[in-house]
Amino acid sequence: MTLSLPRRMVLAALAGGLAVLAYAPFELFPLAWIALAVLWALLAGEQRGWAGGLTGWAWGLGVFLGGVSWLYVALHRFGGMPGPLAGLAIFLFCAYLAFYPALAGWAFVRWRRGRPGPDALLAGALWLVSEWLRGTVFTGFPWLTLGYSQVPGPLAGALPLVGVYGVGGLLAGLSAWIALAWRRPLRPVLAWFGVALAGLVLGRVGWTVPAGEPVSVALLQTNIAQHQKWDPALLPHWLEHNRQMVAEHPATLTVLPETTLPLLADQLPEGYLESLAAPVRAAGGDLVVGLFLRDMAGHIYNAAASLGASPGQHYAKQHLVPFGEYSPPLFRWVYDWVNIPLSDQTRGSARQPPLALGDQKIAVNICYEDVFGEEIIRALPEATLLLNISNLAWYGDSLAQPQHLQIAQVRALESGRPMLRATNTGMTALVMPDGRVAEVLPAFQRGALVTQVQGYAGLTPYARFGNLPVLLLGGVVLIRAWRGRRTFGGPARSQGA
């Protein structure tokens, strides 16, 4: 039965919404395969490129509306934007993100050859390149990249080799092969089992090795409510709250979360930072604290500063959040509708050395910086540990927290390093180099994750080469497909494998 375009788009949107369940906290990873297989099956019956684009757009709209709707909480509840306007802003943002699956859908219909094998290869390359573009254009927003959904599954073993984009392309290609060869499914099913087995074997490979002695760490979850954090009357309370938590949990490495001190460093009471770090320094350790720094020119940075036994150092956030930490050109008017403190910030340098604290060299990333894999591996092989400090209180009790922890699992796998996470409201955790969450604190509770962590040295293939190999491979496939593209509306091709 031939479906009309509106019905195709509805089915595609439902399939995209289904894909959300493949990500954390649900982690039903096979649903990503099913959701994509539905998309390719819908596209296989289409002859018009523009209609293929609309079908891909509908799929993307389903996944993004379902998966990143937590942005509404930041805009409306905490940013003060009127509800209808916040809802419209989120819809438009998701509609933009859906452009990239639309691009893949359009090109697939235009360039496919009508044979399951080559068409599956095309589908994988299109998905890989379109997701990379989404993570790059206009500073990028690679949240819900398909490879993240595979952390619980066998394809996680391929993340240290090809990264999250490569795994997404592999998943897309295999799902397309199964969908397009459903009458003769033996080859694609065998290929799927072969890839799954290879992923399980690769998952047992130790790409990096322990370096140095384990160190004690205390990751502090302050649990300061977002609507109270910036209240001037409560400032003395929050300063004492942070000081008390550090005093209770001194370690070789003690960490407070992103912007845990809601003031510029030069506005803090005299001697406060010294007294904050005193218990850790007395124990021979170092404190890393999230705060705002201001340079001599008046530029403001979202930063992490170290205080303690080692010389003082700092890291300034380099990948800022559009509309939250800076205003893109022509969009200053957005701040007429939202109230976000200290939202006019400056980027840190793209090449900042790891913090040398004791025997460890720690690559710091702040909040959603850890969603950019190639930026994280810049600090390798020098860094022995990864550290993320975040404040996700902006997004309330939503999917943002478990999704962000899943992203940290992928960065640990890609880099072969432990990822330490100290967050305001959750999820504070220790993620091992194999992607396993070793320990995690309950969300929205004050607490400290006190544990031992081992530094690692060496390079995974992904850390050595980044996304370049898979992008080159995808580019070759797309160039060959474009050069041999079929004539629009031409005769049907053979459907043999």
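Overview of the structure.

Parameters and conventions
Position numbers for residues count from 1 along each chain, tracking the sequence in the order it is written. Thresholds applied to this predicted model are a pLDDT of at least 70 for local features of residues and 80 or more for the giving and counting of side-chain atom pairs; totals over whole chains, interfaces and linings are not thresholded and use all residues. Only heavy atoms go into the side-chain values, all of them from the structure, while hydrogens and water stay out. Salt bridges are counted wherever a side-chain nitrogen of Lys or Arg sits within 4 Å of a carboxyl oxygen of Asp or Glu. Secondary structure elements are taken from DSSP: a helix is a run of H or I of four residues or more, a strand is a run of E of two residues or more, and numbering for both begins at the N terminus. Three labels apply to residues, based on accessible area from a 1.4 Å probe with only protein chains included: buried if under 20% of the type maximum, exposed if over 50%, partly exposed otherwise in between. Should DSSP find at least two bridges between two strands, the strands are regarded as paired. Every angle, taken between N-to-C directions, lies between 0 and 180 degrees, and every axis is a line fitted to C-alpha atoms, over only the stretch in contact when it is a helix. Residue contacts are defined here by distance: any two heavy atoms, one from each residue, within 4.5 Å place the two residues in contact. Convention used here: a crossover is right-handed provided that the path from the first strand, over the helix, to the second strand proceeds clockwise when the strands point away from the viewer. Note on ring pairs: Phe, Tyr and Trp rings are taken, using the six-membered ring of Trp, and paired if centres are within 6.5 Å. Classes follow the plane angle, with under 30 degrees stacked, over 60 edge-to-face and the rest tilted. Here the nonpolar core consists of buried residues drawn from Ala, Val, Leu, Ile, Met, Phe, Trp, Tyr and Cys, with membership extended through side-chain atoms lying within 4.5 Å. Nonpolar side chains (Val, Leu, Ile, Met, Phe, Trp, Tyr) are joined into patches within 5 Å and like charges within 9 Å, using only residues with over 30% relative accessible area and no salt bridge. The protein chains shown are the only cover counted for residues, whose accessible areas, like all others here, come from Shrake-Rupley with a 1.4 Å probe.

Concerning the pattern of salt bridges
Pairing between side chains of opposite charge can happen when the charged atoms of each approach one another. A complete count under the given rule lists 9 salt bridges for this structure. Between R243 and E240 there is a salt bridge, and its shortest N-O distance comes to 3.2 Å. Placement of the pair is R243 and E240 together in helix α11 (residues 235-248), with a separation of 3 residues, close to one helical turn. We classify R243 as partly exposed; its relative accessible area is 28%. Of the charged contacts, one joins R411 and E414 as a salt bridge, the two residues approaching to 2.9 Å between their closest N and O atoms. Taken together, the residues span about one helical turn, with R411 and E414 both in helix α14 (residues 400-415) at a distance of 3 residues.

Some thoughts on unusual backbone geometry
The omega torsion of the bond from A24 to P25 falls at 5 degrees, within 30 degrees of zero and hence cis. Turning to its location among the elements, P25 is positioned in the loop between α1 (5-19) and α2 (30-44). With an omega of 5 degrees, the peptide bond between G426 and M427 qualifies as cis. Topologically, M427 is positioned in the loop between β10 (419-423) and β11 (429-431).

Description of the sheet that holds strand β5 (residues 300-308)
By way of backbone hydrogen bonds, the strands of a sheet pair with one another, either parallel or antiparallel. Reading across from one edge, β6-β5-β4-β3-β2-β13 is the order of the 6 strands in this open sheet, with mixed pairing throughout. Every interior strand has two partners, whereas the edge strands, β6 (313-316) and β13 (447-453), have only one. With strand direction ignored, the average angle separating the axes of adjacent strands in the sheet is 25 degrees. In terms of strand pairing, strand β4 (residues 286-294) meets β5 through 9 bridges, oriented antiparallel. When the bridges of β5 are listed, L287 appears paired with L307.

As for the sheet that holds strand β12 (residues 437-440)
Strand order in this open sheet of 6 strands is β7-β8-β9-β10-β11-β12, and the pairing throughout is mixed. Of all the strands in the sheet, just β7 (355-357) and β12 have a single pairing partner and so form its edges. Shown here is a sheet whose adjacent strand axes are inclined to one another by a mean of 25 degrees, direction ignored. Direction of pairing for strand β9 (residues 385-390) relative to β10: parallel, over a ladder of 5 bridges. Counterpart to I389 in the pairing with β10 is A422. On the sheet, α14 packs against β9, β10, β11 and β12 and is oriented at approximately 155 degrees with respect to β10.

Points about the pairing of β9
Of all 6 residues making up β9, 6 are buried, and the element is well covered by its neighbours. Here β9 shows two buried faces, one formed by L385, L387 and I389 and the other by L386, N388 and S390. When strand β8 (residues 360-366) meets β9, the two strands line up parallel, connected through 5 bridges. Residue pairing across strands places V364 opposite L387, the latter belonging to β9. Assessed by its sense of winding, the connection that carries the chain from β9 through α14 to β10 is right-handed.

Details of the packing of aromatic side chains
For the coordinates displayed, the defined rule picks out 16 aromatic pairs. Judged by centre distance (6.2 Å) and plane angle (65 degrees), the ring pair of W106 and W111 falls under edge-to-face. Judged by its relative accessible area of 35%, W106 is partly exposed. The rings of W70, F93, F141, W143 and Y395 are connected pair by pair, giving a single aromatic cluster.

A word on the nonpolar core
Counting residues in hydrophobic clusters, the biggest one holds 103 residues, and the most contacted among them are L36, W40, W59, V68, W127, W143 and L420. Those residues in contact with L36, other than ones at most four positions away along the chain, are W59, W127, L146, L171, A172 and S175. Membership of the second largest hydrophobic core comes to 20 residues, among which are L268, Y272, A277 and L291.

Quick look at a nonpolar patch on the surface
A cluster of nonpolar side chains, contributed by L18, L21, F26, L28, I34 and V38, occupies part of the molecular surface with about 440 Å² of accessible area. Looking at the element boundaries, L21 is found in the loop between α1 and α2.

By themselves these figures say nothing about function.
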